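Residue-level structural notes
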Amino acid sequence: MYDADDLYNEEEEYSGPSRSQKKREMIALQKLAEKLMTLGPELVKKCGLPDYFIEEVLDAMAIKSHEAKRRKVQYIGKLIRDVDTQPLIDFLEDIETGNKADNMKFHALEVWRSRLIDGDFSVFDEIMELHPQADRQRLSQLARNAKKEKDKKKPPKASRALFKALRELSE
């Protein structure tokens with residue numbers, strides 16, 4: 001007769017990840033490929049992956065048909081299994097954090113410009129503290145001109161020049 005212990009032997013060897021786990025991993029790799037495809041061709045070329053892989057991603061970016069693109073993404077997901085994905089993940093994270101940092105810096109410059117145009121000259125103290133090499137006279141002249149343009153509802157030529165001067169300071 002069969003013993004219950006024989007049927008439910010808990011000491012079986014681990015046979016690897018389940019089918020569900022493999023499928024989740026495959027979908028994650030496909031999503032990584034899709035994220036890579038949202039970048040421009042220049043960034044894709046800089047991602048540090050093998051040339052054959054980059055060519056496939058660039059080909060997929062050119063495809064317009066939804067179904068053909070879906071199949072190509074699946075194929076790229078299959079190719080990416082053979083590649084070390086950590087450098088790609090790091091590359092994509094660097095791009096995302098770099099964009100966030102650039103946006104924050106850009107926003108801070110816009111706030112400075114707006115405050116200068118509105119007549120808040122206490123901003124000069126902040127600017128001079130961070131950038132002692134700044135030409136205070138030039139910045140105040142650009143701010144006055146930008147305020148005049150704003151009051152007369154003219155195109156923001158001086159406002160753009162003020163922003164450019166602030167951006168040059170921060171670089």
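Remember, predicted model here, so these are calculated numbers, not experimental data.

Scoring rules and cut-offs
Residues numbered from 1 in each chain as written. Predicted model: local features only at pLDDT ≥ 70, side-chain atom pairs only at ≥ 80, totals over all residues. Heavy atoms only, no water. Helix = DSSP H or I, 4+ residues; strand = E, 2+ residues; numbered from the N terminus. Contact = heavy atoms within 4.5 Å. Expected span 1.5 Å × (residues − 1). Buried < 20%, exposed > 50% of the residue type's maximum accessible area, 1.4 Å probe, protein only. Arc of directions from axis to C-beta. Phe/Tyr/Trp six-rings, centres within 6.5 Å; stacked < 30°, edge-to-face > 60°. Core = buried A, V, L, I, M, F, W, Y, C linked by side-chain atoms within 4.5 Å. pLDDT = per-residue confidence, 0-100. Axes fitted to C-alpha atoms, helices over the stretch in contact; angles between N-to-C directions. Parallel < 35°, antiparallel > 145°, perpendicular 65-115°, else oblique. Left-handed = near helix turned anticlockwise from the far one by under 90°. Nonpolar A, V, L, I, M, F, W, Y, C, P; charged D, E, K, R; others polar.

Position of Cys-47 relative to the elements: it lies in the loop between helix H3 (41-45) and helix H4 (51-62). Along the primary structure Cys-47 and Glu-149 are separated by 102 residues, whereas in three dimensions their C-alpha atoms are 45 Å apart. In this view, Cys-47 contacts Leu-36, Ile-54, Leu-88 and Phe-91; residues no more than four positions away in its chain are not counted.

What follows concerns H4. End to end, H4 covers 17 Å across 12 residues, agreeing with the expected 16 Å (1.5 Å per residue, within 8%). Within the span of H4, buried status applies to Phe-53, Ile-54, Glu-56, Val-57, Ala-60 and Met-61. Seen end-on, H4 carries its buried residues on one side only, within an arc spanning 160 degrees. Within H4, the exposed residues directed more than 90 degrees away from the buried face are Asp-51, Glu-55 and Ala-62. At its buried positions, H4 is contacted by helix H2 (19-37), H3 and helix H5 (66-80).

Topologically, Arg-113 is positioned in helix H6 (residues 86-117). If sequence neighbours within four positions are ignored, Arg-113 has contacts with Ser-159, Arg-160, Leu-162, Phe-163 and Leu-166.

With that settled, consider the packing of aromatic side chains. Tallying each qualifying case throughout the model produces two aromatic pairs. Aromatic pair Phe-106 and Phe-163: ring centres 5.0 Å apart, planes at 70 degrees, arrangement edge-to-face. Here Phe-106, found in helix H6, pairs with Phe-163, found in helix H9 (residues 157-170); they are 57 residues apart in sequence, far enough to count as distant. Take Phe-106: its relative accessible area is 41%, and that puts it in the partly exposed class. We classify Phe-163 as buried; its relative accessible area is 8%. Residues Phe-121 and Phe-124 carry aromatic rings whose centres are separated by 5.7 Å and whose planes lie at 5 degrees to one another, so their mutual orientation is stacked. Note on Phe-124: relative accessible area 2%, which makes it buried.

The next point concerns the nonpolar core. Leu-36, Leu-49, Phe-53, Val-57 and Leu-88 are the most contacted members of the largest nonpolar core, which totals 23 residues. Ignoring any residue separated from it by four or fewer positions in sequence, one finds Leu-36 in contact with Val-44, Cys-47, Leu-49, Phe-53, Val-57, Leu-88 and Leu-92. Leu-109, Phe-124, Ala-134 and Ala-143 belong to the second largest nonpolar core, which has 18 residues in total.

With that settled, the discussion passes to helix H7 (residues 123-130). For H7, the complete set of buried residues consists of Val-123, Phe-124 and Ile-127. Buried positions in H7, seen along its axis, are confined to an arc of 100 degrees and lie on one side of it. As for H7, its buried residues are in contact with H6, helix H8 (136-151) and H9.

With that settled, consider the confidence of the model for the protein. Averaged over all residues, the pLDDT of the protein is 84; the fraction at 70 or higher stands at 92%. The least confident element of the protein is helix H1 (residues 4-7), whose mean pLDDT is 54; the most confident is H8, at 90.

Contact geometry for H2 and H5: axes closest at 8 Å, N-to-C directions at 115 degrees. The pairing of H2 with H5 is recorded here as roughly perpendicular in orientation. Pair H2 / H5 crosses with right-handed handedness. Where H2 abuts H5, its residues Leu-29, Gln-30, Leu-32, Ala-33, Glu-34 and Met-37 lie against Lys-69, Val-73, Gln-74, Ile-76, Gly-77 and Ile-80. Of the residues that constitute the contact of H2 with H5, the class distribution is seven nonpolar, three polar and two charged.

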